[in-house]
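Each chain is listed here by its residues.
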Amino acid sequence: MNHRNRTVCFALLFAALGAHLLERPLGALAWAALVLQFLIGPQLQYLWARRSAQPVQAEFFNMLIDSVGFGLWVAVLGFPLAVTLILPIGASFNLTAFRGLRGLGEAVVATGAGVLLGVVLQAPVWWPQAGALATGLAVLVLHVFVALVALSAHDRSVRLHVARQQLRTSEQALQQQLEQNQRLHAQLEDRAHRDPLTGLFNRRYLVETMERALAQSVQQGQPLSLLLLDLDHFKQINDTWGHQTGDEVLCAVATRLAAHVRAGDTVCRYGGEEFLVLLPGMPHAQAEERARHCCAELAQQPIQAGDRRLAMTWSIGVASHPLHGGSAQALIAAADRALYQAKHQGRNRVAMMPAHA
């Protein structure tokens, strides 16, 4: 019970029990005890609980003292029906709400102890009748007590609902932040694997991907091929038209190359004007055919770089697993030797090395 509820209910209890004392005078000591417990007591209890190092335990002790006092008044007043009804109910309700079934037992014991104390202090009396004023005030106390408890429960329910809404909002904001962080992390990781000019995968990503692709090929018994492509006479483009035009050519051929591969293939800018296409599951003959198609397609369709249409050609070296090796280094070395051979033979052509050359 909070301070407001205790103060209001105890003031009404003071009036109800005072009405009983008017009907059955017990002397100044009884009135002093009534004032002490129901008017001064709630304030002292509040101050003690606030200043206590363990306020919850202090409040539990306060409610036990209230229960003992309630039982004492029941016995001293001669067990009037209204008082005998409302005081134990108040004690049981408070402690049950505070400590559950254990609190209910403690309330019964404390109230019973108060009754026994009252019987010890004076000869047992039986006076169940009460006047209309005392009975009416007792009923009023019960209604006010229930209403205040209900209002407190409603306030706690509203605060709990608001807290849950805030928690849900915070969780949603946190989830959105986590998703945004994940997207940013994915973007940063993707940028680390991308060539900044062409947007293709870079050499670092190629090394990681080839190791995985080779392991999968070995496990599944599938072939794996790669094409190493080099733009012929690319230096002349830079020397004649400038590096900006050269960059536009690289971007254009990168876009064209990426548009003509399968979903599972990997296209990388290997370095300078060299590109590498990784072809998982593709046998050597099919990879050679794909390379010849790339050569023919580029030779037949000039590259648009700004307002210029520039004729370009590929020299391509082809290597395949397991024909040319079982490691990424061996396959790239075989494709590089084949590319050198294609250039040596006149460019704009496809070459491959003999098996395990």
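Whatever comes next refers back to the structure up there.
Residues numbered from 1 in each chain as written. Predicted model: local features only at pLDDT ≥ 70, side-chain atom pairs only at ≥ 80, totals over all residues. Heavy atoms only, no water.

Peer 1: Just to check I follow, could you spell out the sheet that holds strand β6 (residues 314-321) for this structure?
Peer 2: Two strands in a sheet stick together by hydrogen bonds in their backbones, pointing the same way (parallel) or opposite ways (antiparallel). The strand order β2-β3-β1-β6-β7 describes an open sheet built from five strands, whose pairing is mixed. The open sheet has two edge strands with one neighbour each: β2 (266-271) and β7 (349-352). The sheet shows a mean angle of 25 degrees between the axes of neighbouring strands, taken without regard to direction. Across five bridges, β2 lies against strand β3 (residues 274-280) in antiparallel orientation. Across the sheet, Arg269 pairs through a bridge with Phe275, a residue of β3. Packed on one face of the sheet, helix α7 (residues 203-220) meets β1 (224-231), β2, β3 and β6 and runs near 135 degrees to β2. (Pairing = 2+ DSSP bridges. Helix = DSSP H or I, 4+ residues; strand = E, 2+ residues; numbered from the N terminus. Axes fitted to C-alpha atoms, helices over the stretch in contact; angles between N-to-C directions. Contact = heavy atoms within 4.5 Å.)

Peer 1: I would appreciate a short explanation of the side chain of His20 in the present structure.
Peer 2: Looking at where His20 falls in the secondary structure, it is placed in helix α1 (residues 3-23). Assessed through its relative accessible area of 5%, His20 is described here as buried. What His20 contacts, discounting residues up to four positions off in sequence, is Leu77, Pro80, Val83, Ala130 and Ala134. (Buried < 20%, exposed > 50% of the residue type's maximum accessible area, 1.4 Å probe, protein only.)

Peer 1: In this structure, what is going on with unusual backbone geometry? I would like to understand it.
Peer 2: Residues apart from glycine generally show negative phi values, whereas peptide bonds are mostly found in trans. Residue Pro322 is bonded to the preceding His321 through a cis peptide linkage, with omega at 10 degrees. Mapped onto the elements, Pro322 comes out in the loop between β6 and α11 (328-344). One non-glycine residue with positive phi stands out, namely Phe79, at about 60 degrees. Relative to the helices and strands, Phe79 is located in the loop between α3 (55-76) and α4 (81-99). With phi around 50 degrees, Asn348 is a residue other than glycine that occupies positive phi space. Note that Asn348 resides in the loop between α11 and β7.

Peer 1: Is there a simple way to think about empty space enclosed by the protein in this case?
Peer 2: The probe, sized like a water molecule, is rolled over the atoms to show the empty space still left. Tallied over the entire structure, the rule returns four cavities of 30 Å³ or more. Here the largest cavity defines a volume of roughly 110 Å³. Lining the largest cavity are 13 residues; nearest its centre among them are Leu13, Ile86, Gly90, Val141 and Phe145. Listed by contribution, the elements that provide at least two residues to the lining of the largest cavity are α1, α4 and α6 (132-192). Per-element accounting of the lining of the largest cavity gives the leading share, five residues, to α4. The class makeup of the residues in the lining of the largest cavity is 11 nonpolar, two polar and no charged. Put simply, the second largest cavity is a space of about 90 Å³. Residue lining of the second largest cavity: Val253, Arg256, Leu257, His260, His293, Cys294, Glu297, Leu298, Ile303 and Trp314, and that is the complete set. Listed by contribution, the elements that provide at least two residues to the lining of the second largest cavity are α9 (243-259) and α10 (284-300). Ranked by residue count, the leading element in the lining of the second largest cavity is α10, at four residues. Grouping the constituent residues of the lining of the second largest cavity by class yields six nonpolar, two polar and two charged. (1 Å grid on protein atoms, 1.4 Å probe; cavity = no way out; pocket = protein on both sides within 12 Å on 5 of 7 lines; lining within 4 Å. Points joined across faces, edges and corners; volume = space filled by probe spheres on them. Nonpolar A, V, L, I, M, F, W, Y, C, P; charged D, E, K, R; others polar.)

Peer 1: Any chance you could explain the pairing of β6 here in plain terms?
Peer 2: A regular strand places its side chains on the two faces of the sheet in alternate fashion. Counting buried positions along β6 yields eight of eight residues, so the element is predominantly enclosed. Covered by surrounding structure in β6 are Trp314, Ile316, Val318 and Ser320 together with Ser315, Gly317, Ala319 and His321, the residues of both alternating faces. Pairing of β1 with β6, which is carried by eight bridges, proceeds in the antiparallel orientation. Paired with Leu228 across the two strands is Gly317, which belongs to β6. When β6 meets β7, the two strands line up parallel, connected through four bridges. By the bridge assignment for β7, Gly317 is matched with Ala351. For the crossover that starts at β6, traverses α11 and ends in the parallel β7, the hand is left-handed. (Right-handed = clockwise from strand over helix to strand, strands pointing away.)

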